[in-house]
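The chain contents come next:
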Amino acid sequence: MSDFSSTDDHKPDGVRYITPPNVLRQKIGHGGIDALRMERAERFIETNDFDFLPYAREYLSQLERRISQSLKTPTPECRDLLSRPTMELKAGGGMFGYRLMSEIAGVLLDFLESVERLDKDALDIVSIHHKSMTVIATSNLKGPGGKEGRALAEELYSACKRYYRKHQIKKA
């Protein structure tokens, strides 16, 4: 049995190592993002007057339509179709100050990634997450949601855990 060490001074005979060009590295350069540039970007996000709510409403409408579609004709693609608007809600919620919406969307994404097929119980859980995020959007509830928001997020997480137990889904 040969010893193939990873050091450059010991290469097996007849083996040629090829290092492909790193196109992304060539585009962005080396090192991190300049601290001043990062500070300006963060300040822009904090002080801009961008209204995320119209986008959130559209993503919530997409999610609602896809839940209805999944209830009528469940397909293997349904999980991905439900995940897309949920990812947007998680990202946009986090970026534009709707932390509770972002957290609930994150719980839903984790749930969608964990279930193998979307049965009626799973779609009920997706639906209650959707309804919760809709309340947040219609109430223009920014931030973490306080004590009530924490209780809501915990209850949604608990509903997912009950589903995992019932359907014997192992979660790390």
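Scoring rules and cut-offs
Residues numbered from 1 in each chain as written. Predicted model: local features only at pLDDT ≥ 70, side-chain atom pairs only at ≥ 80, totals over all residues. Heavy atoms only, no water. Helix = DSSP H or I, 4+ residues; strand = E, 2+ residues; numbered from the N terminus. Rg over C-alpha atoms; globule rule 2.2 N^0.38 Å. Buried < 20%, exposed > 50% of the residue type's maximum accessible area, 1.4 Å probe, protein only. Contact = heavy atoms within 4.5 Å. Salt bridge = Lys/Arg side-chain N within 4 Å of Asp/Glu carboxyl O. Expected span 1.5 Å × (residues − 1). Polar contact = N/O pair within 3.5 Å; in protein donor to acceptor, adjacent residues only side chain to side chain. Core = buried A, V, L, I, M, F, W, Y, C linked by side-chain atoms within 4.5 Å. Axes fitted to C-alpha atoms, helices over the stretch in contact; angles between N-to-C directions. Parallel < 35°, antiparallel > 145°, perpendicular 65-115°, else oblique. Phe/Tyr/Trp six-rings, centres within 6.5 Å; stacked < 30°, edge-to-face > 60°.

S.K.: I'd like a description of the overall build of the protein chain, backed by residues and values.
M.R.: A count of helices and strands for the protein chain gives 7 helices and 0 strands. Reading the protein chain from its N end, one meets helices and strands in the order α-α-α-α-α-α-α. Over its C-alpha atoms the protein chain spans a radius of gyration of 22 Å, topping by over 25% the 16 Å that the globule rule assigns to 172 residues. Across its three principal directions, the C-alpha atoms of the protein chain cover 65 × 45 × 30 Å. Relative to its 172 residues, the protein chain shows a buried fraction of 31%. Taking as baseline every contact in the protein chain between residues at least 6 positions apart, the subset at least 24 positions apart corresponds to 71%.

S.K.: Describe the pattern of salt bridges, and please don't skip the residues or the numbers.
M.R.: The tally for this structure, following the rule as stated, stands at 7 salt bridges. Its salt-bridge partner being Asp121, residue Lys166 comes within 2.7 Å of it at the nearest N-O pair. Here Lys166 is found in helix H7 (residues 146-166), whereas its partner Asp121 is found in helix H6 (residues 120-138), with 45 residues between them in sequence. Between Arg150 and Glu154 there is a salt bridge, and its shortest N-O distance comes to 3.0 Å. Note that Arg150 and Glu154 are positioned in helix H7 at a spacing of 4 residues, about one turn of the helix.

S.K.: Before we move on, can you summarise H6 with the specific residues and values?
M.R.: With 19 residues, H6 extends 26 Å between its outermost C-alpha atoms, agreeing within 8% with the 27 Å of an ideal straight helix rising 1.5 Å per residue. For H6, the full list of buried residues reads Ala122, Leu123, Ile125, Val126, Ser127, His129, His130, Ser132, Met133, Ile136 and Ala137. The backbone nitrogen of Asp121 has a side-chain oxygen 3.3 Å away, supplied by the residue at the start of H6, namely Asp119.

S.K.: Let's hear about unusual backbone geometry: which residues, and what values?
M.R.: Even without being glycine, Asn140 reaches a positive phi, approximately 50 degrees. Residue placement: Asn140 occurs in the loop between H6 and H7. In this model, Gln168 sits at a positive phi of 50 degrees, which is unusual for a non-glycine residue. Position of Gln168 among the secondary structure elements: in the segment after H7. In this structure Gln168 comes out as exposed when scored by relative accessible area, which is 69%.

S.K.: Could you give an account of the nonpolar core, with specific residues and numbers?
M.R.: Grouped together as the largest cluster of nonpolar side chains are 33 residues, with contacts concentrated most on Leu82, Leu89, Met101, Phe111, Leu118 and Met133. Residue assignment for this core shows that the elements contributing at least two residues are helix H3 (53-72), helix H4 (78-95), helix H5 (99-114), H6 and H7. The greatest single-element share of this core, amounting to 8 residues, is contributed by H5. Once you skip the residues sitting within four places of it in the chain, Leu82 turns out to touch Leu63, Arg66, Ile67, Ser70, Leu112, Leu118, Leu123 and Val126.

S.K.: So what's going on with the packing of H5 against H7? Residues and values would help.
M.R.: Orientation of H5 relative to H7, taken along the N-to-C sense of each, is 5 degrees, at an axis distance of 10 Å. By the criterion of interaxial angle, the relationship of H5 to H7 is roughly parallel. For the pair H5 and H7, the contacting residues are Leu100, Glu103, Ile104, Val107, Asp110, Phe111 and Ser114 in the first and Gly149, Arg150, Leu152, Ala153, Leu156, Tyr157, Cys160, Tyr163 and Tyr164 in the second.

S.K.: If you had to explain the packing of aromatic side chains to someone new, which residues and values would you point to?
M.R.: Counted according to the given criterion, the structure contains 6 aromatic pairs. Geometrically, the ring pair formed by Phe52 and Phe96 is stacked, given 5.9 Å between the ring centres and 20 degrees between the ring planes. Taken together, the residues Phe52 in the loop between helix H2 (35-47) and H3 and Phe96 in the loop between H4 and H5 connect sequence positions 44 residues apart. Residue Phe52 is classed as buried on the basis of its relative accessible area of 4%.

Any functional reading would require information that these geometric values do not contain.
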